[in-house]
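Read off the chains here:
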Amino acid sequence: WLRRRGAPAVAVLMYHDLCDDGDLANWMRVPRSRFAAQLDACAELGAFVHPEDLEAPERLPRGRLGFLVTFDDGYANNARLAAPLLAARKIPALFCVSPAPRVSQEPFWTDLVVTPLQARAVAELDLGRFGLGVFRFRAGPPAARWDDIQRLLVAIKAVGNDDHPQVAAILAWFRDTYAAELREHLPRFRPLRVEELARLAAEPHFVVASHGHEHRILTRLTDDALAATLARSRDLLANATGRPVTQLAYPNGDHDARVRAATFRAGFRLAYTTRSALA
């Protein structure tokens, strides 16, 4: 089909984080050995493309499926676990980083929720005091349990960004209720530090992109806040890496005409959303 079509086609693979084999199960966190196997399988099926090639389509492979490896958020395990596997295979990758967690070393809010649910194998959670009701989590199979957890994450996201008073109260409750589990496990799933990000950017096969400054959903921001988060993320990442930042991944994949216009006014040339399709 690709040979008949003639035009290049790229599958953008959206990862978030890796973990050591046998660590806490998380649908968005791929075990190291499974990630290596996925890279090898993709190498047999097609060709990996450099992130900058999407800005120069004449460099993209034709007649073979292209794969672009991307990572959202900016986890430390991108550097500790993913980068060595990619570098050994000379596979390019795009790391879409939110600078605010990198600077503060505050965990991503989804980890405040998912980590204790998995560490304590929580079966039921009553968030009625926050207006969200009762959530139940199946013990298995893993995919079914993740569907249950995802319903909770979607419900929280529907309320607002992490600075929304109701969301902030929910996250504070998780911090207090599951303090022991968070102390034990979150250090393994922390954001990148400045020096780790600089090492990633120094690798010729890797490119650093923005994921918004605070990882807040852009469609919910005012015009001024939207312009500020885009510009600040671009400038901080450029200063940290010594390279221009021209690409962006929309947090949560959410965008509209206003966000797209602000993105390109801020100097980005290419932006990614979440949709199951060939680009």
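Since this is a predicted model, take the numbers as computed values, not measurements.

What follows is about the state of the cysteines. This structure, assessed with the given rule, holds zero disulfides. In this structure C42 is a free cysteine whose sulfur lies 17 Å from that of C96, the closest cysteine sulfur available. Taking relative accessible area as the criterion, C42 reaches 11% and is therefore assigned buried.

F35, V69, F71 and L86 are the most contacted members of the largest nonpolar core, which totals 40 residues. When residues of this core are assigned to their parent elements, the largest contribution, five residues, is made by helix α3 (residues 76-88). Setting aside anything within four residues of it in sequence, one finds V69 in contact with L13, Y15, L39, F48, L86, I91, P92, A93 and L94. Counting residues in hydrophobic clusters, the runner-up holds 26 residues, among them F130, L132, L153 and I170.

Turning our attention to helix α5 (residues 109-119). Counting buried positions over the 11 residues of α5 gives 10, a clear majority of the element. Buried residues of α5: W109, T110, D111, L112, V113, V114, T115, P116, L117 and Q118, and no others. Those residues of α5 that are buried lie in contact with β3 (29-31), β7 (124-126), α6 (142-159), α7 (165-177) and α8 (179-185). Looking one or two residues past α5, A121 carries a phi angle of roughly 50°, positive in sign.

As a further point, take the packing of aromatic side chains. This model, assessed by the stated rule, comprises 12 aromatic pairs. Ring plane angle 90° and centroid distance 4.9 Å describe the contact between Y15 and F35, whose orientation is recorded as edge-to-face. Residue Y15 is located in strand β1 (residues 10-15), and its partner F35 is located in helix α2 (residues 32-45); the two are separated by 20 residues in the primary sequence. The buried category is assigned to Y15, whose relative accessible area is 9%. Accessibility expressed as a relative area gives 0% for F35, which makes it buried. Ring plane angle 50° and centroid distance 4.8 Å describe the contact between Y75 and F108, whose orientation is recorded as tilted. One end of the pair, Y75, is in the loop between β5 (65-73) and α3; the other, F108, is in the loop between α4 (99-104) and α5, and 33 residues separate them in sequence. Across the pair, exposure class does not vary: Y75 and F108 are buried alike. Through a chain of ring-to-ring contacts, the aromatic side chains of Y15, F35, F71, F95 and F206 assemble into a single cluster. The ring of Y75 carries the charged tip of R29 above its face, separated from the ring centre by 5.5 Å. Between R29 and the ring centre of F189, over which it is positioned, the NZ or CZ distance is 3.6 Å.

Criteria and cut-off values
Residues numbered from 1 in each chain as written. Predicted model: local features only at pLDDT ≥ 70, side-chain atom pairs only at ≥ 80, totals over all residues. Heavy atoms only, no water. Disulfide = S-S within 2.5 Å. Buried < 20%, exposed > 50% of the residue type's maximum accessible area, 1.4 Å probe, protein only. Core = buried A, V, L, I, M, F, W, Y, C linked by side-chain atoms within 4.5 Å. Helix = DSSP H or I, 4+ residues; strand = E, 2+ residues; numbered from the N terminus. Contact = heavy atoms within 4.5 Å. Phe/Tyr/Trp six-rings, centres within 6.5 Å; stacked < 30°, edge-to-face > 60°. Lys NZ or Arg CZ within 6 Å of the ring centre and 35° of its normal.

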